[in-house]
Amino acid sequence: MAAVDGGEVDHLAGERATAHFDVDAMKVAWAGSRHAVEVNDRMARLVASDPVFRKDTRTMLSRKELFKDTLKKAAHAWKRIVELRLTEEEANLLRLYVDQPGYVDLHWGMFVPAIKGQGTEEQQKKWVPMAYKFQIIGCYAQTELGHGSNVQGLETTATFDPNTDEFVVHSPTLTSSKWWPGGLGKASTHAVVYARLITQGKDYGIHGFIVQLRSLDDHSPLPGITLGDIGGKFGSGAYNSMDNGVLRFDHVRIPRDQMLMRLSQVTREGKYVHSDVPKQLLYGTMVYVRQTIVADASKALSRAVCIAVRYSAIRKQFGSQAGGPETQVLNYKTQQSRLFPLLASAYAYRFVGEWLKWLYTDVMQKLEAKDYSTLPEAHACTAGLKSVTTSATADAIEECRKLCGGHGYLNSSGLPELFAVYVPACTYEGDNVVLLLQVARFLMKTVSQLASGKQPVGTTAYMGNIQYLMQCKSAVNTAGDWLNPAAIKEVFEARALRMAVNCAQNISKAPSQEEGFSELSPDLLESAVAHVQLIIVTKFFEKLQQDIIGHGVKEQLQNLCNIYALFLLHKHLGDFLSTGCITPKQGALANEQLGRLYAQVRPNAVALVDAFDYTDHYLSSVLGRYDGDVYPALYAEAWKDPLNETVIPDGYQEHLRPLLKQQLKFSRL
Ligand SMILES: CC/C=C\C/C=C\C/C=C\C/C=C\C/C=C\C/C=C\C=C\C(=O)SCCNC(=O)CCNC(=O)[C@H](O)C(C)(C)COP(=O)(O)OP(=O)(O)OC[C@H]1O[C@@H](n2cnc3c(N)ncnc32)[C@H](O)[C@@H]1OP(=O)(O)O
Ligand SMILES: Cc1cc2nc3c(=O)[nH]c(=O)nc-3n(C[C@H](O)[C@H](O)[C@H](O)COP(=O)(O)OP(=O)(O)OC[C@H]3O[C@@H](n4cnc5c(N)ncnc54)[C@H](O)[C@@H]3O)c2cc1C
């Protein structure tokens, strides 16, 4: 089924007719299963057909109007979820297609997972059902005005008072004010608050506490609590629908059993007891969300690419000397070399996101069985993939805007809002540089263990092949040789390992490990990126080993996988050359092969973005319309702007007329 909710004429029909593959089968490969296609399609249409979920005027609303509109949509979505008895899967998709950031994202995305992950069974029994029925609304209050990345540096305190069996939650300084939590500013009634636990005079570091913030009767802040929104954010519409908030505590008392006690407990007497589990499990909610952010990256990127590909097929410039039709900009090799790697990246992130979800589930099962051995790998993979995919996606959305020329800068293209809502993904859930440094630490540890003969496993297993990878030379002789997955994998593995080993050797020359790490941190970032890119390439190849059905689908995915890998090779040629993994000639051959692959993608490009199966409502872009009827839509959209409500603008009488009617006073005029 085609994702049309636009007009009658299909201006892109010619493009669709040139596709060499079965688009419906590609939809299944993209979504993961026939069931996933069906449920996505059904939820997307449910949202698109409901007038409450309209978003075409969103960028024109004031902050207050936008926030109220978000509350209305969230309440309506909940009503539909209950009325239609939607499953959890359907409800999550419905919220995704409503496509307006709001308090519910944090309620379901962090508050509930934090209680499930860090609460005892008893605590879960008490709090989760209330959250599931929306009797309470929760947020995740970790970051403070003075500390975000450095979680151990948070200043809020929770001091146990054995006289009353309570914790006293307090913000001792201005910088300890909670600052940023989404949903906190205006909507939440409760928060999971991260604070330093102090009992019997000792500071035991950061722990989570459930704190009620607002009255359940009239929504006013409870005594001792100061609350508000932190103010307008980047762009119009976009993340301004979210009430990111500020919160201060003045000696607020909560019962002892509102400390999340799965990992550690405070007894009635005030004794601190730590269970036999790694303390990093406190960070579990962040690991969970980072994993979902990788899947979101492929969504956001594929949206931008869908808009840019469809519009590039419609837009014509130059070309004919003899007055004939102009050239579709999609036919320009420069447009292809900028756009097709982004198309390939969208597929690559989709598949690595699928794999990361599997890894996360697997690690969770092992944790349940008290096997904590895969925790470092889960942390490195979620941190690294979150960082690499969000940075690349943010850059890619901006590139798609440029690929759409001037019209890409209009709000009606959908791209400015998508960019504005997406860029903070490089910062929230861990600043991307800070997270890559975590990956680098993990890599340095793995390299140092190689000497002791410890065989690395999981995504670092390739490092065990150190004897070969440190000295191998690529055997690529022709451009076509770069289509061999083994040839690609070998150079990506060699590059990642050699960069990591170089860093480790240079660190070892420093006076101390810490000094060396700090001095080498720019190189360590690049080493971490090389490792993460290897993971993405490898997981794409592994996807191709699976049973992929449908005419031509596997061939298209093979092309995209090769484009993704060879584009990275071209972009990071310096790494591959300086580590001696390839020669300049082999680098040139990779580029030659890339050009050939772009030519193969060209007739399939529009169908490859159709396979994302996005409704026009979800895309919310006049340039990305399914029917390609761009110009009438752009023209009509302009007239909807509030400035066009009157022919003569407000302000004419006060400011324009006097100017135009003034007497000339300057003698030299
Ligand atoms: C308009 C609409 C249009 C379009 C819409 C389109 C798209 C929408 C797109 C996106 C929206 C979708 C979703 C939005 C989702 C979220 C946004 C909303 C909310 C955001 C919330 C937040 O940001 S919550 C706050 C997050 N904060 C952080 O992430 C802080 C980062 N800092 C840390 O994690 C830690 O401090 C640190 C890891 C940097 C350091 O920790 P520290 O304890 O100091 O550690 P170290 O000494 O470095 O490490 C000690 C050992 O612990 C290991 N470690 C560290 N972390 C972990 C972990 N998480 N798990 C396991 N192990 C860990 C570390 O490796 C060390 O190990 P050693 O073996 O070396 O000792
Ligand atoms: C839209 C949005 C929503 C958010 N939602 C929430 C929420 O719901 N709940 C919540 O608790 N928080 C939330 N946050 C906060 C967010 O998690 C933090 O902003 C984020 O973790 C980054 O921390 P920071 O602001 O302290 O950045 P900083 O750490 O101050 O970063 C500033 C600069 O310093 C660099 N830097 C920092 N440390 C190092 C280092 N060790 N080495 C090298 N460079 C370094 C960074 O790379 C960056 O360039 C949100 C933030 C945003 C933008």
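Our subject is the structure that appears above.
None of the values given here were measured: they were computed from a predicted structure.

1. Notes on the overall build of the protein chain
Part 1: Assigned secondary structure in the protein chain consists of 23 helices and 13 strands.
Part 2: Relative to the compact-globule value of 26 Å for 669 residues, the protein chain shows a C-alpha radius of gyration of 27 Å, a close match.
Part 3: Along the three orthogonal principal directions, the C-alpha set of the protein chain runs to about 90 × 80 × 70 Å.
Part 4: Counting over 669 residues, the protein chain shows a buried share of 54%.
Part 5: Considering only contacts in the protein chain between residues 6 or more positions apart, those separated by 24 or more positions represent 75%.
Part 6: Separation between the mean location of the 70 positive side-chain charges and that of the 70 negative ones in the protein chain comes to 2 Å.

2. Some words on the packing of aromatic side chains
Part 1: One pass over the full model with this rule turns up 24 aromatic pairs.
Part 2: With a centroid separation of 5.6 Å and 75 degrees between ring planes, the pair formed by W108 and F134 is classed as edge-to-face. Pair noted here: W108 is in helix 6 (residues 103–118) and F134 is in the loop between helix 7 (121–132) and strand 1 (138–141), with a separation of 26 residues, a long-range link. Summarising the burial analysis for this pair, W108 and F134 share the class buried.
Part 3: Each ring, one from Y635 and one from W639, has its centre 6.0 Å from the other, and the planes form 65 degrees; the classification is edge-to-face. Separated by four residues within a single helix, Y635 and W639 lie in helix 22 (residues 630–639), roughly one turn from each other.
Part 4: By relative accessible area, which is 58% here, Y635 ends up exposed.
Part 5: Taken together, the ring pairs in this structure connect W30, Y97, Y347, F351, F540, F612, Y614 and Y618 into an aromatic cluster.
Part 6: We note R16 situated over the ring of Y626; from NZ or CZ to the ring centre the distance is 3.6 Å.
Part 7: Seen from the ring of W30, R350 lies directly overhead, with NZ or CZ sitting 5.9 Å from the centre.

3. Re the site of ligand 1
Part 1: Around ligand 1 sit 32 residues in total, of which S149, Y283, R290, E429 and K445 are the nearest.
Part 2: Here H379 contributes a side-chain N or O atom positioned 3.3 Å from a nitrogen atom of ligand 1.
Part 3: Within the contact set of ligand 1, an oxygen atom lies 2.5 Å away from a side-chain nitrogen or oxygen of K445.
Part 4: Considering ligand 1 on its own, with 1500 Å² of exposed area, one finds that the protein chains cover 81% of that surface.
Part 5: Mapped onto the shell around ligand 1, the elements with two or more residues apiece are helix 6, helix 8 (284–314), helix 11 (415–422) and helix 12 (432–450).
Part 6: Examining the composition of the shell around ligand 1, we find that five residues originate from one element, helix 8, more than from any other.
Part 7: Considered class by class, the residues forming the shell around ligand 1 number 14 nonpolar, nine polar and nine charged.

4. Looking at the sheet that holds strand 4 (residues 178–179)
Part 1: Taken together, three strands build an open sheet; the order of strands is 4-8-7 and the sheet is antiparallel. Of all strands in the sheet, those bounded by a partner on one side alone are strand 4 and strand 7 (225–229).
Part 2: Relative to strand 8 (residues 245–249), strand 4 runs antiparallel, the two sharing two bridges. Bridging from a neighbouring strand, K178 pairs with L247 of strand 8.

5. So, empty space enclosed by the protein
Part 1: Applying the stated rule across the entire model yields one cavity of 30 Å³ or more.
Part 2: Volume-wise, the largest cavity comes out at about 120 Å³.
Part 3: Among the elements of the structure, helix 4 (63–83), helix 5 (88–98) and helix 6 are those that each provide at least two residues to the lining of the largest cavity.

6. Brief notes about the layout of surface pockets
Part 1: As a volume, the second largest pocket reaches approximately 800 Å³.
Part 2: The wall of the second largest pocket is formed by 28 residues, among which D56, S620, S621, V622 and E637 lie closest to the centre.
Part 3: Among the elements of the structure, helix 21 (616–619) and helix 22 are those that each provide at least two residues to the lining of the second largest pocket.
Part 4: By residue number, the principal contributor to the lining of the second largest pocket is helix 22, which donates four residues.
Part 5: Counted by class, the lining of the second largest pocket contains seven nonpolar, nine polar and twelve charged residues.

7. Re the nonpolar core
Part 1: In terms of nonpolar packing, the biggest core is built from 179 residues, with L343, Y347, W482 and L557 touching the most fellow members.
Part 2: Ignoring sequence-local partners within four residues, the contact set of L343 consists of V305, L560, V601, L608, V609 and F612.
Part 3: Ranked by size, the runner-up nonpolar core spans 24 residues in total, among them V169, I254, V266 and Y272.

8. Focus on a nonpolar patch on the surface
Part 1: Taken together, L656, L659 and L660 make up a surface patch of nonpolar side chains, about 310 Å² in accessible area.
Part 2: Considering the arrangement of structural elements, one finds L660 in helix 23 (residues 652–661).
Part 3: The exposure class of L660 is exposed, given its relative accessible area of 63%.

9. Re the site of ligand 2
Part 1: Lining the immediate environment of ligand 2, one finds 20 residues, of which Y140, T143, S149, G182 and D431 sit closest.
Part 2: Between ligand 2 and G148 there is a distance of 3.1 Å, counted from an oxygen atom to a backbone nitrogen or oxygen.
Part 3: The contact in question runs from an oxygen atom of ligand 2 to an N or O atom on the backbone of G182, over 3.0 Å.
Part 4: Here ligand 2, which alone exposes 970 Å², has 63% of that area covered by the protein.
Part 5: Among the elements that make up the shell around ligand 2, the one with the highest residue count is helix 12 (three residues).

10. Comments concerning the environment of L222
Part 1: Its place among the elements puts L222 in the loop between strand 6 (202–212) and strand 7.
Part 2: Note: C-alpha distance between L222 and K271 (49 residues apart in sequence) is 29 Å.
Part 3: Apart from residues no more than four positions distant in its own chain, L222 is found in contact with Q212, L213, R214 and S215.

11. Here we look at the pattern of salt bridges
Part 1: The full count for this structure, using the stated rule, is 36 salt bridges.
Part 2: Here R16 makes a salt bridge to D10, at a shortest N to O gap of 2.7 Å.
Part 3: In this structure D10 comes out as partly exposed when scored by relative accessible area, which is 30%.
Part 4: When the shortest N-O distance is used, the salt bridge between E368 and R262 registers 3.4 Å.

Reading guide: rules and limits
- Residues numbered from 1 in each chain as written.
- Chains lettered and ligands numbered in written order.
- Predicted model: local features only at pLDDT ≥ 70, side-chain atom pairs only at ≥ 80, totals over all residues.
- Heavy atoms only, no water.
- Helix = DSSP H or I, 4+ residues; strand = E, 2+ residues; numbered from the N terminus.
- Rg over C-alpha atoms; globule rule 2.2 N^0.38 Å.
- Buried < 20%, exposed > 50% of the residue type's maximum accessible area, 1.4 Å probe, protein only.
- Contact = heavy atoms within 4.5 Å.
- Lys, Arg positive; Asp, Glu negative; His and termini not counted.
- Charge placed at Lys NZ, Arg CZ, Asp CG, Glu CD.
- Phe/Tyr/Trp six-rings, centres within 6.5 Å; stacked < 30°, edge-to-face > 60°.
- Lys NZ or Arg CZ within 6 Å of the ring centre and 35° of its normal.
- Near = heavy atom within 4 Å.
- Polar contact = N/O pair within 3.5 Å; in protein donor to acceptor, adjacent residues only side chain to side chain.
- Areas by Shrake-Rupley, 256 points an atom, 1.4 Å probe, with all protein chains shown as cover.
- Nonpolar A, V, L, I, M, F, W, Y, C, P; charged D, E, K, R; others polar.
- Pairing = 2+ DSSP bridges.
- 1 Å grid on protein atoms, 1.4 Å probe; cavity = no way out; pocket = protein on both sides within 12 Å on 5 of 7 lines; lining within 4 Å.
- Points joined across faces, edges and corners; volume = space filled by probe spheres on them.
- Core = buried A, V, L, I, M, F, W, Y, C linked by side-chain atoms within 4.5 Å.
- Patch = residues over 30% accessible without salt bridge, like charges linked within 9 Å, V, L, I, M, F, W, Y side chains within 5 Å.
- Salt bridge = Lys/Arg side-chain N within 4 Å of Asp/Glu carboxyl O.

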